[in-house]
Structures are given as structure tokens and as C-alpha cells.
Amino acid sequence: MKDFNPADNIQDLQYFGEFGGVNPSITDSSTYTFLQAGKMEEIFEHEIEGCYLYSRHWNPSNKYLSQALAKMEGTESASVTGSGMGAISNAILQLCSSGDEIVSSRTIYGGTYAFFKNFLPKFNITTKFVDTTNIEKVKQAITSNTKVIYCETMSNPMLEISNISALSNLAKEHNCKLVVDNTFSPMIFAPAKMGADVVVHSMTKFINGMSDCVAGAICGSKEFIDSLSDVNNGASMLLGPVLDSFRSASILKNLRTLHIRMKQHSSNAMYISSKLSSDGHKIIYPGLAHHPQNELMKTMMNDEYGFGGLFVMDMGTKEKANQLMEAMQNANVGYLAVSLGSYKTLFSAPGGSTSSEIPEEERMEMGLTEGLVRLSIGLDNNPERTYQEIVKCLNSL
Ligand SMILES: *Cc1c(COP(=O)(O)O)cnc(C)c1O
């Protein structure tokens, strides 16, 4: 994607605060005044540029952050939510009605899996889970009731890469929408540029990058984003996953350094995973030549941002995985914690934690075994030093 640069697009945004501040002023109001009563009636009908009604609907701080996210993803519009799950559940509930079907990747975030598998059937919305790296399998799962094809650009936790252009063509052929979770790979991939209709994020991870809040985003066409905040029918307006404007303002500032952080996360993860792989450890990292989608990823990724900050190490057994994680925390390689995309390295064993919502049988089928340790490499200044520490931990087991 040579002609699209998310970092340049964000850099080109110019906001002035209320008093000429270099950062936009934070809006500290739940509700907004109207000078003419008629205008208030009008905004219940449709959005009016620069006019605000109530903070759950829209507020200026959320608007600024949304604009920046739309620039990053190359979509017409975007909206922000109080969590990644808020973004995913609202986007899906806006698109699907009773009787509709979803064809989803089987390797997705545990919460999304549980939402699809356990929660949506209450609304008579059902999901078929398939391997979305296999286009034939996706095709076979589609029926005339399929409304949404869902995947993660880089999947959690197996780091599989789905071919977004091919899935988009399939979605168009069958008149359904392609929804892509790009949480693991902001800037690296621009799924909408490859044909995705809706791109969702957990901003809790790389986008904010500070492990200090939970937030989400939905990026898509102006028509779709406007429909979410429709006063009568919008999922975001009616289910109410609004992001607080103070958080919105702080995430916008962190977004300004995302490109630098992604480069550092990626180069650190590449360095450490390559070395561990050369030492004979079983590593899953999309930047390594033996990864099944390494070549595909090269054809899809934006220049400069690397192959991402996460890799997975297969320790064989749960005991070994746990021992390694405890040793790494004691050596201050990072924290034994769920989540990812932080300035500090975070690691967890997805089998028993973030993917435990997925039944064991299905986990085994996708290779999600108990010995896996997922590492989200931080912004470490010297990856060789980190690698040496990890080696010491491995040798101590
Ligand atoms: C964390 C995560 C989510 C959920 O986001 P929250 O902000 O925790 O609600 C969704 N998708 C992926 C890929 C994630 O890593």
C-alpha cells in the first residue's frame, strides 16, 4: 500500500483549542445548549455539522479522536466507544437482525467469540466459525442469510493473517459486510483500503499504548457511522457505550506517537523472536519466513511499520509456560498480565486466560495449546538486552 500512509494522515490534522491551545480543549459537558429551539428539533432528525446535543450522542472531544482514527484507517468516518467490546458488539448489532448469520474466523479474541457464540443466539443471530485464512472454507459457510463476515487482520492469539482483499470480494459477491478487527495491527494494515466495510479496534491496546484505560473504535462509511448514532435506531445511541471525553482527549494525544511506537514494537519483536527461533524455540511470528502467511502479509502491509509487536512461544506444557512467565516477571522482562500493546512487555498464556472462552476441543483444532505464551513486546530500548534476559529465564527452568 504505497500511496497510503496512516502516520502522515494523522500528522496533517490541525486542531486548535478553544483559546488557541495546541491541543483541542476537552469538553466537560454532558449536554449542550441551543440558541434556537428549532435547531434542537432538527438534530433529532439528523446530525448537524458542528452542532452538539448530548454527550452520549456526540461530543467535540470524541469527534476529534474519531476524525483522527478515520484518517488512520482511510475511512470516511469513525466513532469511539468505551471499550473494544463496545465497538464490536455495537457494530455487529447495527448490521445484524434476527435470523441473520455471521461467518467468523475461529481464531478471534475470546470476548468476541463468547459474544458471537453465547450472547447473539438470544437475538436469533447465529455464527459459523471457520478458518478465514482458507477462502474456500469461508465460501462454503456462506448462506443466503449471511450478513457479516468477521475476522481479525492479525488474529488473537495465533497471529494468523487473513487475506482481506479476497474476503472483501467474497463479501461483495454475497451481499454481506466484511467487519475486521485491526487491534493487533494499527498502521501496519489498513483493512478498509483492502475492501473491509467496517474496521473495529480495541484502543485499550496499541492505539492508546499506556495500559491506563479501556476504549474502542468503529471506522467505516459516513452512512454507517451516522446510523450508529441515530437517535431512534442507532446501536451506539441506544446501548450507550460512550467514551468519556477526558479519556478521548488523552487517547488522541497518544495517537500522535503511535507510528513511532509501532515501529519500535515491531523491530523489537522481530529481533527477539528471530533470535529465539534461531536458538531452536518454537515461535509464531508473522515476520519470520516459516510463518504460513509471511509472504501474504508482505503483500498486504503498509510500508515502515513492521510485522507487529506480538509473538507466541510454544513451551510444550502448561507447567513450562507458567514457569517461564513467572521467571520473566521476576527478571522484570515485563508483567504477567492479559492485554497487549503496552510500553512495557506483557505476557500471558492464552489457553487458560484470554482464549479460555473457546472450548478445549476447538482450541486444539486451531493449535491453541496450553503451552503457548503470548508476548507483547514493549518499547524496550535495547532488544538484545531483553533477549539475553529471556534466555537466562529459559535456562533457569
Ligand atoms: C482486547 C481486545 C478486544 C476487546 O477490547 P476491550 O477494549 O478489552 O473491550 C477485542 N479484540 C481484540 C483483538 C482484543 O485484543
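Help me out: how do you make sense of the overall build of the protein in this one?
The secondary structure content of the protein amounts to 15 helices and twelve strands. The C-alpha atoms of the protein give 21 Å as radius of gyration, which agrees with the globular expectation for 397 residues (21 Å, within 12%). For the protein, the spread of C-alpha atoms along the three principal axes comes to 70 × 55 × 35 Å. Relative to its 397 residues, the protein shows a buried fraction of 56%. Sequence separation of at least 24 residues holds for 71% of the intrachain contacts in the protein that already meet a minimum separation of 6. Carbon and sulfur atoms form 49% of the exposed surface of the protein, whose accessible area is close to 16,900 Å². Positive and negative side-chain charges in the protein, numbering 32 and 42 respectively, have mean positions lying 3 Å apart.

What should I look at first to understand the sheet that holds strand β9 (residues 310-314) in this one?
As a general point, the strands of a sheet are linked pairwise by backbone hydrogen bonds and lie either parallel or antiparallel. Taken in spatial order, the five strands line up as β8-β9-β12-β11-β10 in an open sheet, and their pairing is mixed. The sheet is open, and its two borders are formed by β8 (282-284) and β10 (335-336), each paired with just one other strand. Judged from the three bridges that link them, strand β11 (residues 346-348) and strand β12 (residues 372-376) form a sheet pairing that is antiparallel. Bridge assignment links Ser 348 to a residue of β12, and that residue is Arg 374.

So what exactly am I meant to see when it comes to the site of the ligand here?
What surrounds the ligand is a group of 15 residues, the closest being Met 85, Asp 181, Ser 202, Thr 204 and Lys 205. Take Asp 181: an N or O atom from its side chain is 2.7 Å from a nitrogen atom of the ligand. Lys 205 places a side-chain nitrogen or oxygen 2.7 Å from an oxygen atom of the ligand. In the complex, 92% of the free accessible area of the ligand, which totals 380 Å², lies under the protein chains. The element contributing the most residues to the shell around the ligand is helix α4 (residues 84-95), with three residues. Taken together, the residues of the shell around the ligand sort by class into seven nonpolar, five polar and three charged.

Quick question: what am I supposed to make of the pattern of salt bridges here?
Side chains that differ in sign of charge can pair as their charged atoms come close. The full count for this structure, using the stated rule, is 14 salt bridges. Between Lys 263 and Glu 304 there is a salt bridge; the shortest N-O distance is 3.2 Å. One end of the pair, Lys 263, is in helix α11 (residues 258-278); the other, Glu 304, is in the loop between α12 (294-300) and β9, with 41 residues separating them in the sequence. Relative accessible area serves as the criterion here: at 31%, Lys 263 is assigned to the partly exposed category. A relative accessible area of 48% places Glu 304 in the partly exposed class. Two residues, Glu 295 and Lys 298, come together in a salt bridge whose shortest N-O distance is 3.4 Å. Taken together, the positions of Glu 295 and Lys 298, both in helix α12 and three residues apart, correspond to about one turn of that helix. Judged by its relative accessible area of 55%, Glu 295 falls in the exposed class.

So what exactly am I meant to see when it comes to α4 here?
Because an α-helix packs 3.6 residues into every turn, residues spaced three or four apart end up facing the same way. An ideal rise of 1.5 Å per residue puts 16 Å on twelve residues; α4 measures up with 17 Å between its terminal C-alpha atoms. Within α4, the full set of buried residues consists of Gly 84, Gly 86, Ala 87, Ile 88, Ser 89, Asn 90, Ala 91, Ile 92 and Leu 95. Taking the backbone nitrogen of Met 85 as reference, a side-chain oxygen 3.4 Å away marks Ser 83 as the first, capping residue of α4.

Sorry, what's going on with helix α5 (residues 110-119) here?
Burial of α5 is extensive: seven of the ten residues sit out of reach of the surface. Listed in full, the buried residues belonging to α5 are Gly 110, Gly 111, Thr 112, Tyr 113, Ala 114, Phe 115 and Phe 116. Check the buried side of α5 and you find it contacts α4, β2 (101-105), β3 (126-130), β4 (146-152) and α14 (360-365).

Just to check I follow, could you spell out a negative patch on the surface for this structure?
Together, Glu 319, Glu 360, Glu 361 and Glu 370 make up a region of like negative charge exposed at the surface. On the secondary structure map, Glu 319 appears in helix α13 (residues 318-330).

Before we go on, may I ask you to explain the pairing of strand β1 (residues 77-81) in this structure?
Regular strands place their side chains on alternate faces of the sheet. When you tally the buried positions in β1, you get five out of five residues, the bulk of the element. Residues of β1 alternate between two faces, with Ser 77, Ser 79 and Thr 81 on one and Ala 78 and Val 80 on the opposite face, all of them buried. Sheet topology note: the β1/strand β7 (residues 216-220) ladder contains five bridges and is antiparallel. Its bridge partner being in β7, Ala 78 is matched across the sheet by Cys 219.

Is there a simple way to explain the nonpolar core in this structure?
One broad rule of soluble globular proteins: the nonpolar side chains tend to lie buried together. With 113 residues, the main nonpolar core has Leu 69, Ile 92, Tyr 150, Met 203 and Leu 255 as its most contacted residues. Look past the residues within four positions of Leu 255 in its chain and what remains in contact with it is Ile 10, Leu 65, Ala 68, Leu 69, Met 72, Ile 207 and Arg 261.

What counts and what doesn't
- Residues numbered from 1 in each chain as written.
- Predicted model: local features only at pLDDT ≥ 70, side-chain atom pairs only at ≥ 80, totals over all residues.
- Heavy atoms only, no water.
- Helix = DSSP H or I, 4+ residues; strand = E, 2+ residues; numbered from the N terminus.
- Rg over C-alpha atoms; globule rule 2.2 N^0.38 Å.
- Buried < 20%, exposed > 50% of the residue type's maximum accessible area, 1.4 Å probe, protein only.
- Contact = heavy atoms within 4.5 Å.
- Areas by Shrake-Rupley, 256 points an atom, 1.4 Å probe, with all protein chains shown as cover.
- Lys, Arg positive; Asp, Glu negative; His and termini not counted.
- Charge placed at Lys NZ, Arg CZ, Asp CG, Glu CD.
- Pairing = 2+ DSSP bridges.
- Near = heavy atom within 4 Å.
- Polar contact = N/O pair within 3.5 Å; in protein donor to acceptor, adjacent residues only side chain to side chain.
- Nonpolar A, V, L, I, M, F, W, Y, C, P; charged D, E, K, R; others polar.
- Salt bridge = Lys/Arg side-chain N within 4 Å of Asp/Glu carboxyl O.
- Expected span 1.5 Å × (residues − 1).
- Patch = residues over 30% accessible without salt bridge, like charges linked within 9 Å, V, L, I, M, F, W, Y side chains within 5 Å.
- Core = buried A, V, L, I, M, F, W, Y, C linked by side-chain atoms within 4.5 Å.

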